[in-house]
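Topology and contacts: notes
Here are the chains, one letter per residue:
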Amino acid sequence: MTALSAPTLVVTGRSREVFERKLPPSAKVCVETGMIVRARDVVALASVSGKMVSVAAAEMLGVTRSKVQSYLTVAPGDGVTKGQMLGQRDALFGLLKSRIVSPVDGTIESVSGISGHLMIREISVPVTVEAYVNGEVVEINEKNGVRILANVSKVQGAFGVGGEVTGVMVDANADTVAGKIVCAFEPVTNDALASWREAGAIGVVTPSIDGDELYRFCGDALNLAATGDEDIGMTLVVTEGFGRVPMAKHTMCVLSGCIGQEVSMCGITQVRAGVIRPEIIGPVLADAENPADAPTNRHSVKIVRGRYFGNEGIIVAAPASPQKLASGVEALVYRVKLMGGEEVVDVPRANVV
Amino acid sequence: MKDHPQNNGKVYVITDCGSTTTKAILIEMVDGVYRQTCRGESPTTVEAPVADVTVGVKRALKDIGELSGRKLIDDSDNIIRPANGSVGCDMYISTSSAGGGLQMVVLGLVKNISAASALKAALGAGAIVTDSIAADDERDTQEQVERLRKLRPDMVLLAGGTDGGQTVGVVELAELLALAEPHPRFGDSYQLPVVYAGNRHAANEVKKVLQQTATVIGERNVRPSVEEETLTFARDRIHTLFLEHVMQQAPGFGRLIDLCDASVVPTPSAVGKMLQLLGTHKQTNALCVDIGGATTDVFSVVDGQFNRTVSANLGMSYSAGFVLQESGIENIRRWMSETLDDRELLNQLMNKTVRPTTIPDTELELAVEQALAREALRLSFEQHRTFAGGLKGAATDRNIDGGFSMGKKDDLQVGQLDLIIGSGGVLSHAPSPWQTVAMLVDSFLPEGITTIAKDSIFMMPHLGVLSDIDEFAALEVFFRDCIVPLAMSIVPLGRCRSGRPCMTYRFVSGQGEELTGTVNWGELTNLDSAKEGGTLYLLPEGHVDVGFGRGQRGTVEVAPTRLGLLFDGRGRPLENRGAALWERFSRGER
């Protein structure tokens, strides 16, 4: 049997893998190799350098650019506070005074005698890096980050928005969703997402959503090809795609096993150049939640486009020569027996995962 | 070195090392003419664990060896040179866009003047320009510095100021760059190369400001005066630095340079060379478009002037969402004859974005993709037309009253084009060639007489690099094996009443068979009997222009094409989108 052509999204109730927690420059690692960590433990602290602010000093003081330095009361490397005087010029025997003050807290980065500008770097912003998963620290590399070995269940989605969050997973009927991750096993709408956000949910998992509903929720600035930085107040993972597509059976099975458990999820999606898919990471599931008939063999596929989008099935043949599709396009196909019936259909190899 | 037919008979092997695939072709003489006789490919090997691009090259060459029977790699893993009978080749040459190609940032003082010229120079050199920063763009200094810090370009092109003008502005730009301290993409072991092509009187100050940050290489000003643009020197300098600095840092590229018998050329630059050669030798005004999943490249050579644009966010999969955002759902829908509600159309486009490698299974899905392609091509061409136009900000024509009209000269005129070549999956692999013609005609809206063609395997990069050493072979293979002429499009311009005749034609085939017909305004018709070529006599009605001037009749020699003649009487701008008419053609062909 020919190998599957499209990259398969991982859906498993049991996996042992290493998670790499990338560190920002000059981060201070707070853990040691061999330590057992929980998902919310801080593994590193860092500060991200502040923004640069330009002050047109020569222009504001009314002096020539090359002489601006002689009117300043600060020099590169000096710390300054917002409102602090940076320089002054007296004119008309001191009757007229021009002053410039710092617009921000920060450090003087440079003074240019050519442009007459003074650059101030704002104070650094502290950031923390959490473990994200429950596991053991197996490697610390100041350059690459902290590596954590963990036994987990894992579901990769087709698309997501928002960054990393950790919380207990509940279903859509839960009494309270504040601080929790809601797993909706059915397609959702903008109204449902907004109401969960209003109620304090930190994340939502859904099989599918109509594109216009997603745009209503996220706004037009949504960039489908690279997500994760959206400021939408929660993280969303869509496991199947856009439209009204049901959740795949195995995905539903694994996520059902995570209800009531603490899980971590991340919506970052990058569909080009080093593909990144959104994910939900939960605890290892017992055999009951990880049935033997789960599509763990590579002949089981999920169809992700066309007439059979959302269907699952088993590859029964892989014709060697290209076949003509209904679209007229000629492509290599798999012959797939759809789950729950006897129907066998041709599906382009590029359209299965 | 320019070669002539007399000393031909050489065997050339050429690779294009792309981001994911290394494509190799074999060119040799068959029955006295150069032909592309075989192609092979292999995954590009720039990533760990191999991290050596030449491994993929040799695999692609072995692939050719197996397919053609011509052994190219010996047992010691060396390329066999020179050719001896059916073994080896005389020359091995290559283009490359692997490892992300050449990534540049350009800086200029004024967005529409020096920054625009710097952008043209960088794009013309085959670079992927990750940002163009101008002193007058919408961002403040802080945002520009932050942006420069995040980018890790291979090289920077800094321009600004006219020779003899003020030096302060461009020095301030250098200060901005110094403040940001951008690091080169490949490692920190060498200083970032900065090509300075601005006011020559500021060169020393710029070098002084950047001495701790970058290696500054001075070059002639890309905009010595507002009315003058000089791009060649900066382009050549970028090429040299690409080979000497950037490629030496990428995995295995030093070995690739050693392996080749001529300079390795950035892929887009090679396409430009081929198109320029075409313009020079055939006096053809041509446009070539390559539409990919993420970006669309447009190249043109008009009256000897070469231009290239890259529409970074217009493409068929990764960038489908951006095309939708830019064009609007109505503009995509207008190219479809079947109705599909907005919600379903949006879902299809979004699913294509997040599953970029999937292919259309149904007719409706194909129609959505081809509608999307028309909009991506249309928007890319709009960008290209503006960019390829005259110098912005230049004083151009003196008005009758003696005043200067400031502003841009005319943009590229589509009526100037003799040839439009399409490439990229959606165009090259359309089920019917009429669909390819339809997408190209609807998006570029050719006027007068234009040949529509496709480059089925995108061989133009290979032929572009070959043209440096053997123009004759490059042109011969270009016409015989590279482009597939699909149809000659005849577009009458003017105003007529819908359904009324706007022109008549008489076509005489090579065998003397004569066909006549009338084209009505608003109609889209074809003449497939013209496939083998012949002579076409065109007679416009009234003041209609069929390519020879208003009301002027004329004769044109028709070369053989796959589909024959296309008469497009829909007017410009389009009065009838003709979706149903195109479908009729496609079904007839399929």
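Per-chain numbering applies: the sequence of each chain, read as written, is numbered from 1 onward. Key to labels: chains lettered from A, ligands numbered from 1, both in the order written. Only residues with pLDDT of at least 70 are given local features in this predicted model, and only at 80 or more are side-chain atom pairs given and counted; all residues enter the totals for whole chains, interfaces and linings. Hydrogens and waters are ignored; side-chain quantities use all the structure's heavy atoms.

**Observations regarding the interface of chain B and chain A**
Whether two residues touch is decided by their heavy atoms; if any such pair falls within 4.5 Å, the residues are in contact. Each side of the interface is counted separately: chain B has 38 residues, and chain A has 52 residues. A quick way to say it: buried area is the sum, across both parts, of accessible area lost when two parts are put together, with a 1.4 Å probe. Summing both sides of the interface, chain B and chain A together bury roughly 3,800 Å²; the carbon and sulfur share of this comes to 55%. Whenever a carboxyl oxygen of Asp or Glu lies within 4 Å of a side-chain nitrogen of Lys or Arg, that contact is scored as a salt bridge. Taken together, chain B and chain A are joined by six salt bridges. Polar contact is the term for a pair of N or O atoms within 3.5 Å; when the atoms are in protein, one must be able to donate a hydrogen and the other to accept it, and sequence-neighboring residues count only if both atoms are side-chain atoms. Between the two partners, chain B and chain A, sit 15 residue pairs in polar contact (both at pLDDT 80 or more). Only DSSP runs of H or I covering at least 4 residues are called helices, and only runs of E covering at least 2 are called strands; the numbering of each starts at the N terminus. Secondary structure elements with two or more residues in the side of chain B that touches chain A: helix H3 (141-150), helix H4 (168-180), helix H5 (203-210), helix H9 (320-327), helix H11 (342-354) and helix H12 (363-387) of chain B. The greatest single-element share of the side of chain B that touches chain A, amounting to eight residues, is contributed by H11(B). When residues are grouped by polarity, Ala, Val, Leu, Ile, Met, Phe, Trp, Tyr, Cys and Pro land in nonpolar, Asp, Glu, Lys and Arg in charged, and all others, Gly among them, in polar. Within the side of chain B that touches chain A, the residues separate by chemical class into 15 nonpolar, 10 polar and 13 charged.

**Let's talk about the confidence of the model for chain A**
Note that predicted coordinates carrying low pLDDT should not be read in detail. Residue and element names in this part refer to chain A. Confidence scores here are pLDDT values: one per residue, from the predictor, ranging 0 to 100. Of the residues in chain A, 92% reach a pLDDT of 70 or more, and the chain-wide mean stands at 87. No element of chain A has a lower mean pLDDT than strand E5 (residues 52-55), at 80, and none a higher one than strand E16 (residues 181-183), at 98. Throughout residues 1-6 the model reports pLDDT below 50, and contacts reaching past four residues in sequence, or to other chains, amount to 23 contacts. When the criterion is pLDDT under 50, residues 291-296 qualifies, and its contacts beyond four places in sequence or with other chains add up to five contacts.

**Side note on the sheet that holds strand E1 (residues 12-17) of chain B**
Residue and element names in this part refer to chain B. Strand order in the open sheet made by the five strands is E3-E2-E1-E4-E10, with mixed pairing throughout. Either end of the sheet is taken by a strand with one partner, and the two such strands are strand E3 (33-43) and strand E10 (265-266). A pair of strands is labelled paired if DSSP reports no fewer than 2 bridges between them. The pairing of E1 with strand E4 (residues 91-96) spans six bridges and is classified as parallel. Within E4, the residue paired with Thr15 across the bridge is Ser94.

**Structural notes on the sheet that holds strand E4 (residues 42-48) of chain A**
Here three strands make up an open sheet; going across it, the order is E2-E4-E11 (chain A) and the pairing antiparallel. Taken across any chain shown, the strands that pair with only one partner, and hence form the sheet edges, are strand E2 (28-29) and strand E11 (125-130) of chain A.

**Here's the deal with the domain arrangement of chain B**
Residue and element names in this part refer to chain B. A domain assignment, automatic or from a database, supplies the domain bounds used here. Examined at the domain level, chain B breaks down into domain 1 (5-98), domain 2 (101-254) and domain 3 (287-315 + 373-390 + 405-589). Using C-alpha coordinates to define each centre, domain 1 is positioned 35 Å away from domain 2. Taken residue by residue, the interface counts eight residues in domain 1 and four residues in domain 2. Buried surface at the junction of domain 1 and domain 2, both sides included, amounts to about 510 Å², of which 63% is carbon and sulfur. In terms of surface lost to domain 2, no three residues of domain 1 exceed Val46, Val53 and Ser96, which account for 55% of the buried area on that side. For the pair domain 1 and domain 2, the number of links is zero residue pairs in polar contact (both at pLDDT 80 or more).

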